[in-house]
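Close look at the chain arrangement
Spelled out from the first residue to the last, the chains are:
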Amino acid sequence: MSTDVCVPISHLTEIITETKEDIQKSNLTAPILGHVGDGNFHATIIYDVDNHEESATVKAVSDRMVTRALSMDGTCTGEHGIGVGKRHWLTKQLGDETVQLMKQLKAVLDPKNIMNPGKVLP
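To keep things clear, this report deals only with the structure shown in the data block.

What counts and what doesn't
- Residues numbered from 1 in each chain as written.
- Predicted model: local features only at pLDDT ≥ 70, side-chain atom pairs only at ≥ 80, totals over all residues.
- Heavy atoms only, no water.
- Helix = DSSP H or I, 4+ residues; strand = E, 2+ residues; numbered from the N terminus.
- Buried < 20%, exposed > 50% of the residue type's maximum accessible area, 1.4 Å probe, protein only.
- Contact = heavy atoms within 4.5 Å.
- Areas by Shrake-Rupley, 256 points an atom, 1.4 Å probe, with all protein chains shown as cover.
- Lys, Arg positive; Asp, Glu negative; His and termini not counted.
- Charge placed at Lys NZ, Arg CZ, Asp CG, Glu CD.
- Axes fitted to C-alpha atoms, helices over the stretch in contact; angles between N-to-C directions.
- Parallel < 35°, antiparallel > 145°, perpendicular 65-115°, else oblique.
- Left-handed = near helix turned anticlockwise from the far one by under 90°.
- Nonpolar A, V, L, I, M, F, W, Y, C, P; charged D, E, K, R; others polar.
- Pairing = 2+ DSSP bridges.
- Polar contact = N/O pair within 3.5 Å; in protein donor to acceptor, adjacent residues only side chain to side chain.

As a further point, take the overall build of the chain. For the chain, the count of helices and strands is 4 helices and 3 strands. Each of the three principal axes of the chain carries a C-alpha extent, and together these read 45 × 40 × 20 Å. Looking at the chain residue by residue over its 122 residues, the buried ones come to 32%. Put simply, 61% of the contacts in the chain that link residues at least 6 apart link residues at least 24 apart. With an accessible surface of roughly 7,500 Å², the chain has 55% of that area assigned to carbon and sulfur atoms. For the chain, the separation between the mean place of its 12 positive charges and that of its 16 negative charges on side chains is 7 Å.

Contact geometry of helix α1 (residues 12-25) with helix α2 (residues 52-71) gives a least axis separation of 10 Å together with a crossing angle of 160°. Between α1 and α2, the crossing angle belongs to the class labelled roughly antiparallel. Judged by the sense of rotation from one axis to the other, the crossing of α1 with α2 is right-handed. Taken together, the residues of α2 that come into contact with α1 (itself represented by I15, E18, T19, D22 and I23) are V61, R64, M65, R68 and A69. Its residues placed into classes, the contact of α1 with α2 shows 5 nonpolar, 1 polar and 4 charged.

For strand β1 (residues 2-6), a buried count of 4 out of 5 residues is recorded, marking the element as mostly surrounded by other parts of the structure. Pairing of β1 with strand β3 (residues 40-44) involves 5 bridges; the strand directions are antiparallel. Bridged to D4 within β3 is H42.

A separate point is the side chain of R68. Along the chain, the position of R68 falls in helix α2. Note on R68: relative accessible area 12%, which makes it buried. Separated by 2.8 Å, the side chains of R68 and D22 make a polar contact. In this structure R68 touches I15, E18, T19 and D22, once residues within four positions along its chain are discounted.

None of the figures reported here should be taken as evidence of function without further support.
Structural data, given as structure tokens:
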């Protein structure tokens, strides 16, 4: 699984260090690479998708990575965008009012709901 987050550059060292420690404590293999110029970094977590315990550990590590980024005034994704995998973070990151505004704008711009129906804004 590949995931990314983005934080202000002033927090990049802190979040990468904490994420590396989290990955090690979780006994996972996950190379980290990043775009240090913009605060974005990726973790590619290698695991057995058929192993339910390991899959749960991967999800927990990914969730903690996002929680860390949000607590550092970052975003739950730096370049991959909010999609099906991270849409549950949208309200936590932007707030209810902003998400409602986004839904209203989508309704005006896409009244027939033909552009990616149900992908980000259910």
